[in-house]
Amino acid sequence: MVIMMTSNFQGEVDLGRIILQIITDYRAITTIEIWYEIGEDDRFDGGITRAEVTEVVSELEKQNIIVKGKDDKWNINSSGTQRFSRSRVSRNQG
């Protein structure tokens, strides 16, 4: 799945990989907490919407890369068998 969006960032950012890194770092984290973490990233001057994060998280779940626990927190699926396809967000600085 390729997600292309425009905003105030120069270059292309692999949002899926950033989300996976956040989940890996925290081991268990909710979607809104992921969004907050991305909001702390200086590279996203224009911001990433919650809808963008939700869409990429949903795609990662469909690909069996992450799973949601009973506590509504996302974890890396250690038994996942599907390969991650890149989700890219294009950011153009104005």
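A quick note: this is a predicted structure, and the numbers were derived from the prediction, not measured. (Residues numbered from 1 in each chain as written. Predicted model: local features only at pLDDT ≥ 70, side-chain atom pairs only at ≥ 80, totals over all residues. Heavy atoms only, no water.)

### Observations regarding the packing of aromatic side chains
This structure, assessed with the given rule, holds one aromatic pair. A centroid spacing of 5.4 Å and a plane angle of 35 degrees characterise the contact between W35 and Y36, whose relative ring orientation is tilted. On the accessibility criterion, W35 (25% relative accessible area) is partly exposed. Lying over the aromatic face of W35, R50 brings its terminal NZ or CZ to 5.6 Å of the ring centre. (Phe/Tyr/Trp six-rings, centres within 6.5 Å; stacked < 30°, edge-to-face > 60°. Buried < 20%, exposed > 50% of the residue type's maximum accessible area, 1.4 Å probe, protein only. Lys NZ or Arg CZ within 6 Å of the ring centre and 35° of its normal.)

### Some details on unusual backbone geometry
Backbone geometry places R27, a non-glycine residue, at a positive phi of 70 degrees. Relative to the assigned elements, R27 resides in the loop between α1 (15-26) and α2 (31-39). Among the residues examined, R27 registers a relative accessible area of 65% and is labelled exposed. The phi dihedral of N64 falls on the positive side, at around 65 degrees, and the residue is not glycine. Mapping N64 onto the fold places it in the loop between α3 (50-62) and β2 (66-68). (Helix = DSSP H or I, 4+ residues; strand = E, 2+ residues; numbered from the N terminus.)

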